[in-house]
Amino acid sequence: MRVQFTIVGIVAVLAVFCVSSGAEAGLIWSENFSSHPDLSSGNWHSNITDAAVPTAGTWSTSDGTALSNTAGSGTIQATAQYAFTASEKSAFGSLYDSGSGLIGGGSASGTLYIRFDGGYTTAPSAPQFAFFQTQRGSTTNRSLMDSASYAAASVGKGWNATYYNALINIATASGSLDGPLSTSMHAFVMKINFQANSNSAESLSIWTDPTAGLDEPQQVSPAYIGTGDLSFDTFVLRVGNANVNWHWDNIKFGTAFSDVFTVPEPATMTLFAAGLLGAIGFARRRFAR
């Protein structure tokens with residue numbers, strides 16, 4: 001009898017391992033800040049001087065995995081910027097156009113998912129803002145960072161906004177997301193559909209706090225934001241004004257929803273169910289004897 005229940009236990013453990021290890025097999029790039037908690041090494045550039053507001057903030061970590069703006073009083077902007085290397089861009093496969101040097105540029109086409117976690121630790125007061133932003137090229141000038149020639153898409157708290165929102169090419173806010181600002185961390189999943197040689201038709205959809213354990217088809221409809229040129233090779237974490245205390249964590253890029261937001265794989269769950277039922281049936285037959 002002990003042998004039969006041991007078999008059941010082994011099957012269950014193997015299935016759980018498959019579920020936990022296989023969901024992010026197609027992940028392209030990720031950052032949980034354990035290697036760069038202060039954003040001072042690798043391709044990270046932090047404490048960037050704002051040309052419009054010369055005093056930049058200081059980035060620090062509160063728990064070793066997230067970061068927040070701890071700047072002092074006054075109107076400031078703290079920015080952490082990451083530029084993908086040539087080899088990192090190549091890892092995006094058909095989503096990368098080597099001619100333009102951009103992910104989603106030129107003849108590149110396909111779907112990309114970007115996930116990041118973000119939120120305030122203390123309630124902000126308007127008109128503070130905080131964005132996760134994809135952009136084309138690196139710049140330390142805020143006016144350029146806000147221009148359509150650099151900016152691709154920004155998601156977070158807009159200037160004076162009381163709801164999470166998104167901007168396409170930093171033109172106008174095209175709708176609020178799933179809920180109002182709160183003082184807890186939220187998961188955001190961005191879906192970009194790149195169109196070959198037609199950047200103006202590229203679309204962005206966003207989920208706020210997707211339901212754990214569900215793949216994309218089972219999620220509620222995302223907040224559809226709009227279309228525009230969403231090609232990029234850099235992303236930045238931006239905070240405006242003092243003591244905003246916005247945290248980021250778990251930045252991920254992948255070609256499937258399950259690459260960036262872990263969900264059970266249907267095939268694995270089917271295998272688990274079949275194996276577990278078979279093992280239980282075998283044990284019951286042995287016990288009946």
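Figured I'd write up the structure that's included with this text. (Residues numbered from 1 in each chain as written. Predicted model: local features only at pLDDT ≥ 70, side-chain atom pairs only at ≥ 80, totals over all residues. Heavy atoms only, no water.)

Ranked by internal contacts, the top residues of the largest apolar core, which has 44 residues, are L112, F132, F235, L237, W248 and F253. Those residues in contact with F235, other than ones at most four positions away along the chain, are W29, W44, A80, Q81, Y82, F84, F132, Q133, T134, I251 and F253. Among the nonpolar cores identified, the runner-up in size contains 8 residues, and Y113, V189, F261 and V263 belong to it. (Core = buried A, V, L, I, M, F, W, Y, C linked by side-chain atoms within 4.5 Å. Buried < 20%, exposed > 50% of the residue type's maximum accessible area, 1.4 Å probe, protein only. Contact = heavy atoms within 4.5 Å.)

Along the chain, R238 turns up in strand 16 (residues 234-240). A polar contact of 2.9 Å, which involves the side chain of R238, links it to the side chain of Q133. Side-chain polar atoms of R238 contact the side chain of D146, separated by 2.8 Å. (Helix = DSSP H or I, 4+ residues; strand = E, 2+ residues; numbered from the N terminus. Polar contact = N/O pair within 3.5 Å; in protein donor to acceptor, adjacent residues only side chain to side chain.)

Quick look at the pattern of salt bridges now. When their charged atoms lie close together, side chains carrying opposite charge are able to pair. The final tally for this structure, using the stated rule, is 4 salt bridges. Between D117 and R115 there is a salt bridge, with the nearest N and O atoms lying 2.7 Å from each other. One exposure class covers both D117 and R115, and it is buried. Residue D229 is joined to R136 by a salt bridge in which the shortest nitrogen-to-oxygen separation is 3.6 Å. Here D229 is found in the loop between strand 15 (223-228) and strand 16, whereas its partner R136 is found in the loop between strand 9 (129-135) and helix 3 (142-145), with 93 residues between them in sequence. (Salt bridge = Lys/Arg side-chain N within 4 Å of Asp/Glu carboxyl O.)

Right, let's talk about the sheet that holds strand 1 (residues 27-31) for a bit. Strands pair in a sheet through their backbones, by hydrogen bonds, and they do so in one of two ways: parallel or antiparallel. Ordered in space as 1-17-8-13-14-15, the 6 strands form an open sheet in which the pairing is antiparallel. Either end of the sheet is taken by a strand with one partner, and the two such strands are strand 1 and strand 15. Here the average twist between neighbouring strands, direction ignored, is 20°. Sheet topology places strand 8 (residues 110-120) next to strand 13 (residues 186-194); 9 bridges connect them, and they run antiparallel. (Pairing = 2+ DSSP bridges. Axes fitted to C-alpha atoms, helices over the stretch in contact; angles between N-to-C directions.)

Here Q135 lies in strand 9. Filtering out sequence-adjacent residues up to four positions away, Q135 remains in contact with Q81, M145, Y150, A151, A152, F232, D233, T234 and V236.

When a strand is regular, its side chains alternate between the sheet's two faces. Strand 11 (residues 163-168) sits mainly inside the fold: 5 of its 6 residues count as buried. As paired elements, strand 10 (residues 151-157) and strand 11 share 5 bridges and run antiparallel to each other. Directly across from K157, in strand 11, lies its bridge partner Y164. Between strand 10 and strand 11, which pair antiparallel one after the other, the connecting turn spans 5 residues, and N160 there sits at a positive phi close to 70°.

Bringing the environment of F253 into the picture now. Residue placement: F253 occurs in strand 17 (residues 246-254). The class for F253 is buried, based on a relative accessible area of 0%. Distance from F253 to I114, taken between C-alpha atoms, is 4.6 Å for residues 139 residues apart in sequence. What F253 contacts, discounting residues up to four positions off in sequence, is L27, I28, W29, F84, F92, L112, Y113, I114, F132, F232, F235 and V260.

This paragraph deals with unusual backbone geometry. Residues other than glycine seldom take positive phi values, yet N197 does so here, at roughly 55°. Relative to the helices and strands, N197 resides in the loop between strand 13 and strand 14 (202-208). Despite not being glycine, D209 has its phi angle at roughly 50°, a positive value. Checked against the element boundaries, D209 lands in the loop between strand 14 and strand 15.

Relative to the elements of secondary structure, Q195 occurs in the loop between strand 13 and strand 14. Q195 sits in the partly exposed class, given a relative accessible area of 36%. Remark: the alpha-carbon pair of Q195 and D229, spanning 34 residues in sequence, is separated by 9.4 Å. Ignoring anything within four residues of it in the chain, the contact list for Q195 reads G106, A108, S109, A201 and E202.

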